[in-house]
Amino acid sequence: HQLRSDFRLHYHFMSEYGWMNDPNGFIHYNGTYHLFYQYYPYEAKWGPMHWGHAVSGDLIRWEHLPVALAPDEAYDQGGCFSGSAIEHEGRLYLMYTGHVETGPDKDRDYRQEQAIAVSEDGVTFVKWKDNPVIAAGAIPLGVSRQDFRDPKVFKRGDAYYALLGSNDGAGHGLILLYRSADLVHWEYVNVIAKSDGTLGDNWECPDVFALGSKDVLMMSPQRVPAQGDDYCNLHSTTYMVGHLDTDDGRFHYDAYYPIDYGFDFYAPQTTIDAQGRRVMIAWMDMWESLMPTQQGHHWAGAMTVPREVLTDGDRLVFKPVDEIEAYRQAPYELSDVILKGERVLETQGDRYELKVVIEAKGASAFGIKLRTSGREETVLSYHAEERQFRFNRDRSGIGPKGERKTSIELEDGKLSLRIFVDVSSVEVFLGKGHKVMTGRIYPNEQARGIALFSEGECRVVSLTKWDIG
Ligand code: DQQ
């Protein structure tokens, strides 16, 4: 008898019903966090995109508001695709891509142009009377005539800028920069960055922001050729730390890195908040992932726990926002325990945080089994010889399978982890947070066990589990 939960998450953002993908217009405005999202309200499958809308005071508990944008104009009849938000003259502006199908082949016959909508109250949005504000005619030569989307609008000095994701029509993703004084009249500046062939044939959902003394560029490349462990998704969200020169219109950087090393993490957006934090939220699914909730559960899609973004040289460090700690309940603790073989914990659950520090000592491998039952388990493990961390969901239930692995250095011979489990999701923050692994799992409702294991002997320096209430 296959007992299956409805898989709905408990402390991650989801639409109330239907299909959700990218976060849009993520902004802290008038003391409130606004999150919009790609939404198909009528069933759990991608369709003509709307912008769902919700607000929050603490990034964890959200209040759903009415749909902010619907595909009801000639220039967006195929969908209100992704985009961003900005405050201008005391009002909240949304900038998004209008998708229009121009022929029978949905994968080829379409046009994308950029539009704006304005709100006086942050709830109801009115589309600009002269949309589109960046039309297909403004696409420079050498750039795709179809893929021209996902405007990220931001201000530098007294000018507004917009990044757009696209490609060169010959298999190289790129990002374009446009400039405006009023969000209505736009002029093309330059291609600020372009794939050298190793980073995908189209770039989506760009984001750029200042962090410390540097600028950070984020984007979601499509169809990235596999490059070892760290680029192994067909889509692998990427960041570069460098400098955005808005005069010559170039983003100067030396290296690029994945934003997440797991399975299901796409189209991140960031905002700066009243505390000056740079906060990021992403779609915790992946276009090619199987989503069992589409069958009979009538919903699909969840966002990650919001993560604070910090710099460490030319690398980023991610940490769960502190607000999540206010929802911790019923702590269970272990400390200074020698571990050899397997140890089933006396606590169980399906929605919790685990904070663990393990000293490797002589163990060849050690780790944690989550959501265990007789038949199912999700395994997080460290392997000493390869100095590698692995997230294995081959036996995690009816969802997608596979294993992700990435190199990790112990700190003073110890591995520290923060693990967030929420019914059908796992997010693992490794060490100081340079690497996070995110994946969806769909285990049996009764699979609630937690076990530690070690090949050879290691020491559990400390383990705390909190249910997240
Ligand atoms: N999803 C949106 C596009 C974007 C893609 C459509 C990324 O605007 O490029 O739902 O997942």
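Residues numbered from 1 in each chain as written. Predicted model: local features only at pLDDT ≥ 70, side-chain atom pairs only at ≥ 80, totals over all residues. Heavy atoms only, no water.

A. Local environment of the overall build of the chain. Helices and strands together make up the secondary structure of the chain, namely zero helices and 31 strands. Taking 469 residues into account, the globule formula puts the C-alpha radius of gyration at 23 Å, and the chain, at 22 Å, falls close to it. With the principal axes as the frame, the chain shows a C-alpha extent of 65 × 45 × 45 Å. Each of the 469 residues in the chain was classed as buried or not, and the buried ones make up 61%. Put simply, 60% of the contacts in the chain that link residues at least 6 apart link residues at least 24 apart. (Helix = DSSP H or I, 4+ residues; strand = E, 2+ residues; numbered from the N terminus. Rg over C-alpha atoms; globule rule 2.2 N^0.38 Å. Buried < 20%, exposed > 50% of the residue type's maximum accessible area, 1.4 Å probe, protein only. Contact = heavy atoms within 4.5 Å.)

B. Here's a closer look at the layout of surface pockets. Volume-wise, the largest pocket comes out at about 660 Å³. Sorting the residues of the lining of the largest pocket by element identifies β1 (18-29), β5 (80-88), β6 (91-101), β7 (110-119), β9 (149-156) and β13 (202-211) as the ones contributing at least two each. Here the lining of the largest pocket takes three residues from β13, the largest share from any one element. A per-class count over the lining of the largest pocket returns seven nonpolar, eleven polar and nine charged. In this model, the second largest pocket occupies a volume close to 380 Å³. Along the walls of the second largest pocket sit 22 residues, with Ile 86, Lys 152, Val 153, Phe 154 and Ile 272 positioned nearest its centre. For the lining of the second largest pocket, the secondary-structure elements that each account for two or more residues are β1, β5, β9, β13 and β17 (266-272). If one sorts the elements of the lining of the second largest pocket by residue count, β9 sits on top with five residues. Considering only residue class, the lining of the second largest pocket consists of ten nonpolar, six polar and six charged. (1 Å grid on protein atoms, 1.4 Å probe; cavity = no way out; pocket = protein on both sides within 12 Å on 5 of 7 lines; lining within 4 Å. Points joined across faces, edges and corners; volume = space filled by probe spheres on them. Nonpolar A, V, L, I, M, F, W, Y, C, P; charged D, E, K, R; others polar.)

C. Layout of the UniProt feature "domain: Glycosyl hydrolase family 32 C-terminal" (unreviewed entry) in the chain. The feature "domain: Glycosyl hydrolase family 32 C-terminal" (unreviewed entry), as annotated in UniProt, sits at residues 323-467 in this numbering. Taken end to end, residues 323-467 is 0% helix and 62% strand, and its two terminal C-alpha atoms sit 15 Å from one another. (UniProt positions renumbered as here; feature names shortened; annotations may be inferred.)

D. Molecular detail of the pattern of salt bridges. The tally for this structure, following the rule as stated, stands at 42 salt bridges. We note a salt bridge from Lys 127 to Asp 72, for which the minimum N-O separation is 2.6 Å. A residue pair is termed long-range when its members are at least 10 positions apart, and Lys 127 in strand β8 (residues 126-127) and Asp 72 in the loop between β4 (62-69) and β5 qualify at 55 residues. (Salt bridge = Lys/Arg side-chain N within 4 Å of Asp/Glu carboxyl O.)

E. Inspection of unusual backbone geometry at higher detail. Of the consecutive residues Asn 131 and Pro 132, the connecting peptide bond is found in the cis state with omega at 0 degrees. Mapping Pro 132 onto the fold places it in the loop between β8 and β9. The phi dihedral of Leu 183 is positive, around 70 degrees, even though this residue is not glycine. One non-glycine residue, Cys 205, lies in the positive phi region at around 50 degrees. Secondary-structure assignment places Cys 205 in strand β13. By relative accessible area, which is 9% here, Cys 205 ends up buried.

F. Region of interest: the UniProt feature "domain: Glycosyl hydrolase family 32 N-terminal" (unreviewed entry) in the chain. Per the UniProt entry, the sites bearing "domain: Glycosyl hydrolase family 32 N-terminal" (unreviewed entry) are residues 12-320 in this numbering. Across residues 12-320, helical content stands at 0% and strand content at 53%; the span's end C-alpha atoms are separated by 12 Å.

G. Examining the side chain of Glu 323 more closely. Mapped onto the secondary structure, Glu 323 falls in the loop between β21 (315-320) and β22 (328-344). On the basis of relative accessibility, which here comes to 18%, the residue Glu 323 falls in the buried class. Side-chain polar atoms of Glu 323 contact the side chain of Arg 277, separated by 2.7 Å. Other than its neighbours up to four places away in sequence, Glu 323 contacts Tyr 33, Asp 58, Leu 59, Ile 60, Gln 275 and Arg 277. (Polar contact = N/O pair within 3.5 Å; in protein donor to acceptor, adjacent residues only side chain to side chain.)

H. Spatial organisation of the site of the ligand. Neighbouring the ligand are 13 residues; Asp 22, Gln 38, Arg 149, Asp 150 and Trp 287 lie closest to it. Separating an oxygen atom of the ligand from a side-chain N or O atom of Trp 46 is a distance of 3.0 Å. Contact between the ligand and Glu 204: an oxygen atom at 3.2 Å from a side-chain N or O atom of the residue. Across the complex, the protein chains shield 96% of the 310 Å² of accessible surface that the ligand would expose by itself. Assessed atom by atom at 2 Å from the grid points, the ligand resides in the largest pocket. Going through the elements one at a time, β1, β5, β9 and β13 are the ones with two or more residues in the shell around the ligand. (Near = heavy atom within 4 Å. Areas by Shrake-Rupley, 256 points an atom, 1.4 Å probe, with all protein chains shown as cover. Sits in = over half its atoms within 2 Å of the grid points.)

I. Just the state of the cysteines, in detail. Taken as a whole and assessed by the stated rule, the structure comprises zero disulfides. The structure places no disulfide on Cys 80, whose sulfur is separated from the nearest cysteine sulfur, that of Cys 205, by 15 Å. We classify Cys 80 as buried; its relative accessible area is 0%. (Disulfide = S-S within 2.5 Å.)

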